[in-house]
Amino acid sequence: MTVRIEDLLPRAVREVLVRQDRDWTARSAHASGVESVIYLASCGTTDITQPYHSLSYLAGALDDSGHAYVVRDLAIEFWHYIMAPPVVEELRAACVRRLEAGPRAESGAGSESGSESGAEEDALLPFFIDTLADSGRFQRAFATLRDEKAFYELPAYLDAVRELSLLPRLLTLLSRSAVYRTFSSASPPGMEHDRINLVTLRREIEAGFGIDVVDAFYDHHADRIAAMRPGLVGLTIPFISQLEHSMALAARLKRRGVTVAVGGPIAAKFYKYLDDVDALKALDFAVDYLVTGEGETLIKRLADHCQRGAELGDVDNLVDVRDPRPLKRFFFENVSALPSPNYGVWDYGLYASPKPGALYSPTRGCYWNKCSFCDYGLAMNTPTSPWRTRTPDRVIEDLQLASKHSQHFFFAVDVLSPAYALKISEALIESGLDIKWMADFRLEKSYRTENTEVFARAGCLGAAFGMESTDQDVLNIINKGTEVQRLETLVGSFADAGIPVQLMGFTGHPGETRQQAQVTLDTAEALLESAATVALGKFGLTPGADIALRPDHYGIDVHYDPSGDPAVPWELDWSHREPVDAYPEDDFDHALRLVRGFPYPFLGATCTLHSLLYFERQPKAPFPIPQWGYARTWESFDVIPFYHAQTDDQGTTLLSGLTGRAVVLDGARAKLFATLFDGGRWLRIDAREGLSRQVEILLDFLIKNALAMFLPAETT
């Protein structure tokens, strides 16, 4: 007789799952009893503030074809389950057992992904044992982010995000092998230096999370889904952070005889990045079908097969993992012909936001589609998919339906062209539809001030630009097709219209020199005077980018050894063929100082619902969003402690609320921190006469270890 982990857990934990099932069934009773129903779900660690839109589009397609389906966001339900006091109590008990078991081997959680060593991880156990004694703390923090008043009170918001940031860190501590940095950033089992090892991935997924309450969650849902006898379960994996959880459910479903299809950008990359499609057989322990592209037409074909007995035959964008064969072609939908997405499938009361938000895609693909580094979305032979637009009248029809559920939208597109953005804005104004929205744009010279004013009247409250670099020679190497000289004018044009601007870029592109990288860093710092946020990352080379496909053109060598276990190449090593005085790859200091806001999906992260809601209250500078560093031009500013502290016989450990990394303080420094930041008190710095060397050392330590945030006094 098989003993289920769920049966071994306290009754109170099982009741959490039963309540979630009861609530979901009440919303889905219309179809949950239908034979061969199509069951669509998302799993894993991702955006806790709003649902992902791919399943809304699939639901709209199935509405149009008359097939029976249900949709369930197991990703957000997972976090509600983890936050429930009975589950928190079990997690605390797991920490106690881990501590009593003594030191663990260095091959534990995160050993291949840059996390702390096993000893450093174990040192956090006493902290979590103390912290989790308050089993309701996470639900209170979540409630703050849903509260119409507290959400906009920055100290309350900061406290809530800092509290919730402990949850991914706790899962890392207790997990067998995965590393969870934030809600939307994780390294799944099998993630190695430059690849995902499919043998390791399978072994670790089949072994389980190593956290009883997490394994019980997926055992429970696999049992419940299998009992429904669905014709197909479709799981979407937009982000790598969702891979482990999605595969965990998929593997359990396969063992119960359920047919599973997995789609989304991550699934597409598994096909795209493998030279030998036969290697996909390594996924057959969890997956029957891999969906490699857009899925509205495909889901109707699969539903016809499951519910009406139609022959499946060859289907575009579908790989049978049990017998994988190369696709005959890559199919892209006619965007204007698609039915409206269904946003009524979600329970918006589950998400960490005081107002509902939604993602909507009026276009797909990119009209430029030439950038050297781009390797995005559901594309195969180009940087991203071909540019397609939905007619303005169809967009208005979609948004009128969607606005019954949300009035705040991120237009989740690769990019909006100036002409198309103007057409959509004029259509919104004419329709009288009162919504707020943000989108990605390109720094085109065809933008005019009068256009940005139209965008603003149409409800635009956020514009994200991929500036990439602010050195024209580097932009030319990237083949970006934009002009640096237009950057400041365009940012000013949007900002003056009351549309906050979020800029994105990176350093380290092949051929970029140290001096050119410094130009970008310096320009970004100057632009923070008018832009809402600037996010500068480090260049990473992925297998589908033009640089990887044409290394000779860019003067580099790509280093990847395909021998060994079947694996999916992920982020590749490379080197210049000729010496280049490049910016140090491991120097993040300047870029980190410029980060304004929190990790995705919270305030300040690019194109998040929380950013949009704050922009609605404060559409012009100065923005009340704390930075990871301070500007030397600030005359007075607040230092906001953003860590959790634990003191024991070994010293004081500070756990960053931004990165989840820990630092141990000696006695003198621990006493200083306790004095300066007692009870989470903010420290006001008067810099009008400059900063002493001692103060600079303290602030640099805080910045280096991501232990504080900084806010000019004028914004508080």
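Residues numbered from 1 in each chain as written. Predicted model: local features only at pLDDT ≥ 70, side-chain atom pairs only at ≥ 80, totals over all residues. Heavy atoms only, no water.

A. Region of interest: the confidence of the model for the chain. Chain-level statistics for the chain give a pLDDT mean of 93 and a share of 97% at 70 or above. In this model, residues 107-115 is a region of pLDDT below 50 whose contacts with residues beyond four sequence positions or in other chains number 24 contacts. (pLDDT = per-residue confidence, 0-100. Contact = heavy atoms within 4.5 Å.)

B. View of the sheet that holds strand β21 (residues 636-641). Read across the open sheet, the three strands follow the order β25-β21-β26; overall the sheet is antiparallel. Both edges of this open sheet fall to β25 (683-686) and β26 (708-712), since each of them pairs with a single strand only. If you compare each strand with its neighbour and ignore which way they point, the axes differ by 25 degrees on average. Looking at chain direction, β21 and β25 are connected through four bridges and run antiparallel. Looking across to β25, one finds that D638 is bridged to R684. Sheet contacts for helix α27 (residues 693-704): β21, β25 and β26; angle to β26, the most-contacted strand, approximately 120 degrees. (Pairing = 2+ DSSP bridges. Helix = DSSP H or I, 4+ residues; strand = E, 2+ residues; numbered from the N terminus. Axes fitted to C-alpha atoms, helices over the stretch in contact; angles between N-to-C directions.)

C. Highlighting the nonpolar core. Y81, F270, W437, F441, L503 and F598 are the most contacted members of the largest nonpolar core, which totals 204 residues. No other element matches the nine residues that helix α12 (residues 212-228) contributes to this core. Residue contacts for Y81: discarding those within four places in its chain leaves L9, V13, V16, L17, Q20, V87, V213, A216 and F217. Grouped together as the second largest cluster of nonpolar side chains are 24 residues, W634, I685, L698 and L702 included. (Core = buried A, V, L, I, M, F, W, Y, C linked by side-chain atoms within 4.5 Å. Buried < 20%, exposed > 50% of the residue type's maximum accessible area, 1.4 Å probe, protein only.)

D. Here's a closer look at the pairing of strand β6 (residues 232-236). In terms of residue burial, β6 counts as a mostly covered element, since five of its five residues are buried. By the alternation rule, side chains of β6 split into L232, G234 and T236 and V233 and L235, which are all buried. As judged from the five bridges shared by strand β1 (residues 38-42) and β6, these two strands associate in the parallel manner. Bridge pairing in β6 places A41 opposite L235. Between the parallel pair β6 and strand β7 (residues 260-263), the chain is carried across by helix α13 (residues 243-255), and the sense of this crossover is right-handed. (Right-handed = clockwise from strand over helix to strand, strands pointing away.)

E. Local environment of helix α9 (residues 154-164). Counting buried residues along α9, eight of its 11 residues qualify, which places the element largely inside the surrounding structure. Taken as a whole, α9 has its buried residues at L154, Y157, L158, A160, V161, R162, E163 and L164.

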